[in-house]
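So the chains spell out like this:
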Amino acid sequence: LVLVDPIPPRRTPYGEQMDDHLHAWMDDATRAELSRLGAARRGAADPVAACRAYWALFIRGYVNDPQHPPAFRGDPCNVPAESFTSAARVGELTMASLGDWDWRPMLRKLRVPTLIVHGDHDPIPLASAQEWAAELPDARLVTIRDSGHFTYLEQPQAFYAAIYEFLER
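Residues numbered from 1 in each chain as written. Predicted model: local features only at pLDDT ≥ 70, side-chain atom pairs only at ≥ 80, totals over all residues. Heavy atoms only, no water.

**As for the state of the cysteines**
- Scanning all chains against the criterion turns up 1 disulfide.
- The side chain of Cys51 participates in a disulfide bridge whose partner is Cys77; the two sulfur atoms lie 2.1 Å from each other. Taking the sign of the torsion about the S-S bond as the criterion, the disulfide between Cys51 and Cys77, at about -75 degrees, is left-handed. Separated by 26 residues along the polypeptide, Cys51 in helix α3 (residues 47–58) and Cys77 in the loop between α3 and α4 (82–97) bring together distant segments of the chain. (Disulfide = S-S within 2.5 Å. Helix = DSSP H or I, 4+ residues; strand = E, 2+ residues; numbered from the N terminus.)

Structure, rendered in structure tokens:
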């Protein structure tokens, strides 16, 4: 099993910490612009252009260097029109459906070699990745330096080296 920058194994305390990390790089003007773009994309005359403007700013909270995010393949805004009005709500409902999750008791029962890969600047707290590694009986954590949430894009050599080493073992 390979977990790449996984959701925390429990909501508390990591959910709030993640929100804090996601917004730490922003000043008030950036925060206001992100809010404006988020609202604008739901009713825009050109929802694809509005989505791209929002995405270009939003993604900066997930990367090591917010001023120079990596190039992504594909277009996250090339989706059906309905997605622009429902994406945020779907995300909210998905997270709400998990309730106050805590998967640690279940993790202790999982008997499969596991690699957890985590960027050292991921907004998901490193402590949560360390908790995955501590709770899974046969787990190893690799922290990728100078990387945010997209370790495979920001530090591909280190990312793939960790994967290959794990698979060879």
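Still more to cover.
**Some remarks on the side chain of Asp5**
- Mapped onto the elements, Asp5 comes out in the loop between β1 (2–4) and α1 (14–24).
- Here Gly119 takes part through its backbone nitrogen, which lies 2.8 Å from a polar atom of the side chain of Asp5. (Polar contact = N/O pair within 3.5 Å; in protein donor to acceptor, adjacent residues only side chain to side chain.)

**Topic: the pairing of strand β3 (residues 139–144)**
- As judged from the 6 bridges shared by strand β2 (residues 114–119) and β3, these two strands associate in the parallel manner. By the bridge assignment for β3, Val117 is matched with Val142.
- The parallel pair β2 and β3 is bridged by helix α6 (residues 126–135), and the resulting crossover is right-handed. (Pairing = 2+ DSSP bridges. Right-handed = clockwise from strand over helix to strand, strands pointing away.)

**Things to note about the packing of aromatic side chains**
- Within the structure shown, the criterion is met by 12 aromatic pairs.
- Arranged with centres 4.9 Å apart and planes meeting at 90 degrees, the rings of Phe72 and Phe150 form a pair that is edge-to-face. Residue Phe72 is found in the loop between α3 and α4, and its partner Phe150 is found in the loop between β3 and α7 (151–154); the two are separated by 78 residues along the sequence.
- For Phe72, a relative accessible area of 27% corresponds to the partly exposed category.
- Looking at Phe150, the relative accessible area reads 12%, which means it is buried.
- Their ring planes at 25 degrees and their centres at 5.6 Å tell us that Trp101 and Trp103 sit as a pair that is stacked.
- Accessibility expressed as a relative area gives 7% for Trp101, which makes it buried.
- Counting every residue linked through ring pairs, the aromatic cluster contains Tyr54, Trp55, Phe58, Tyr62, Phe72, Phe150, Tyr152, Phe159, Tyr160 and Tyr164. (Phe/Tyr/Trp six-rings, centres within 6.5 Å; stacked < 30°, edge-to-face > 60°. Buried < 20%, exposed > 50% of the residue type's maximum accessible area, 1.4 Å probe, protein only.)

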